[in-house]
Amino acid sequence: KTATKPGFSVNAAEHKYLGHTFYYPGRVEWSTVSFSLIDPINPDASEVLMEKLNEAGYEAPSHQLDLGTVSKSKSLDTLGQVSINQLDGNGRIIETWTLKNPWIKDVKFGELDYSSDDMVEIQVELRYDSASYKTFAANGPDNS
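Conventions adopted
Starting from 1, residues in each chain are numbered consecutively following that chain's sequence as written. It should be noted that, the model being predicted, local features are given only for residues of pLDDT at least 70 and side-chain atom pairs only at 80 or more, the latter also being counted only at that level, while totals for whole chains, interfaces and linings use all residues. Values shown for side chains rest on all heavy atoms present in the structure; no hydrogens or waters enter the calculation. Labels follow the DSSP assignment, with helices taken as runs of H or I lasting at least four residues and strands as runs of E lasting at least two, numbered in each case from the N terminus. The size measure is the radius of gyration over C-alpha atoms, and the globule rule it meets is 2.2 Å times the number of residues to the 0.38 power. Between buried and exposed lies partly exposed: a residue is buried under 20% and exposed over 50% of the maximum accessible area for its type, with that area taken using a 1.4 Å probe on protein chains only. What makes two residues a contact is simply this: any of their non-hydrogen atoms within 4.5 Å. We get accessible surface area from the Shrake-Rupley algorithm with a probe of 1.4 Å; when it comes to residues, only the shown protein chains can shield them. Counted as positive: Lys and Arg. Counted as negative: Asp and Glu. His and the chain ends are not counted at all. For this purpose, a charge sits on NZ of Lys, CZ of Arg, CG of Asp or CD of Glu. When DSSP locates at least two bridges between a pair of strands, those strands are taken to pair. The axes are straight lines fitted to the C-alpha atoms, using for helices just the contacting stretch, and the angles between their N-to-C directions are given from 0 to 180°. Salt bridges are defined as contacts in which a side-chain nitrogen from Lys or Arg sits within 4 Å of a carboxyl oxygen from Asp or Glu. The definition of a polar contact used here is a pair of N or O atoms within 3.5 Å, where within protein one atom must be able to donate a hydrogen and the other to accept one, and adjacent residues in sequence count solely through side-chain atom pairs. For this analysis, a nonpolar core means a set of buried residues of the types Ala, Val, Leu, Ile, Met, Phe, Trp, Tyr and Cys, connected via side-chain atoms within 4.5 Å.

Visitor: How would you explain the overall build of the protein if you had to name every residue and give the values?
Guide: For the protein, the count of helices and strands is two helices and nine strands. Counted from the first residue to the last, the protein has its helices and strands arranged as β-β-β-β-α-α-β-β-β-β-β. In terms of overall dimensions, the protein is more spread out than a globule: its C-alpha atoms have a radius of gyration of 20 Å, far above the 15 Å expected for 144 residues. In terms of overall dimensions, the protein has C-alpha extents of about 65 × 55 × 35 Å along its principal axes. Per-residue burial for the protein yields a buried fraction of 19% across its 144 residues. Restricting the contact set of the protein to residue pairs at least 6 apart, pairs at least 24 apart contribute 57%. Here the protein displays about 10,600 Å² of accessible surface, and carbon together with sulfur accounts for 53% of that area. Across the protein, the mean location of the 13 positive side-chain charges is 11 Å away from that of the 21 negative side-chain charges.

This is how it looks when you write it as structure tokens:
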């Protein structure tokens, strides 16, 4: 339904010399991206997201010796490559953001409101290490 595009901030390193303060660019930090989707009955988006969590290494503990945990390696393997495509009015791709090493950071399975006709909306937030950007000509790549 909706998606945010990647963004970044550059931290500032401060250096004081005599009566002056000078600033230098420091580390680049990429902000998380999030998207929302409607949870259809088939395929079941909630079930798919729970499977991704389990494939990443999560197991609900059934006793005190269950020590499994989520790992970055498994999280990357289960999610695979993630790209965000922006389309023009004709449905052609005009830009693509590809997330490097993305993993699921946060999932909210929505709210139930039986006084409303709105469908249940799932919010997903992804963390990643960096992103690459590619733009296409005004008519976009051939998407046929």
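Still more ground to cover, so stick around.
Visitor: For the sheet that holds strand E4 (residues 33-38), give the residues involved together with the corresponding values.
Guide: Spatial strand order, E1-E4-E8-E7: four strands in an open sheet with antiparallel pairing. With one partner strand each, in any of the chains shown, strand E1 (2-3) and strand E7 (103-108) form the two edges of the open sheet. Both E1 and E4 contribute to a ladder of two bridges, which runs antiparallel. Within E4, the position partnered with Thr2 by the bridge is Ser36. Where helix H2 (residues 72-79) meets the sheet, its contacts fall on E7 and strand E8 (121-127), and the angle it forms with E7 comes to roughly 75 degrees.

Visitor: An account of the pattern of salt bridges is needed here, citing residue identities and associated values.
Guide: Scanning the model with the defined rule gives five salt bridges in all. For the salt bridge of Glu121 with Lys1, the shortest nitrogen-to-oxygen distance reads 2.8 Å. Note that Glu121 is positioned in strand E8 and Lys1 in the segment before E1, a separation of 120 residues in sequence. By relative accessible area, Glu121 is classed as partly exposed at 25%. Looking at Lys1, the relative accessible area reads 68%, which means it is exposed.

Visitor: Tell me about the environment of Asn85, and name the residues and values.
Guide: Locating Asn85 in the fold gives a position in strand E5 (residues 82-87). In sequence terms Asn85 and Leu99 are 14 residues apart; their C-alpha atoms lie 11 Å from each other. In contact with Asn85, other than residues within four places in its own chain, are Ile93, Glu95 and Thr96. At 2.7 Å, the side chain of Asn85 forms a polar contact with the side chain of Thr96.

Visitor: Provide a residue-level description of the nonpolar core, including the pertinent values.
Guide: Judged by nonpolar contacts, the single largest core of 13 residues is most densely connected at Val33, Leu99, Leu126, Tyr128 and Ala131. It is E8 that provides the largest number of residues to this core, a total of three residues. Setting aside its immediate chain neighbours within four residues, Ala131 contacts Pro6, Trp30, Trp97, Thr98, Leu99 and Lys100.

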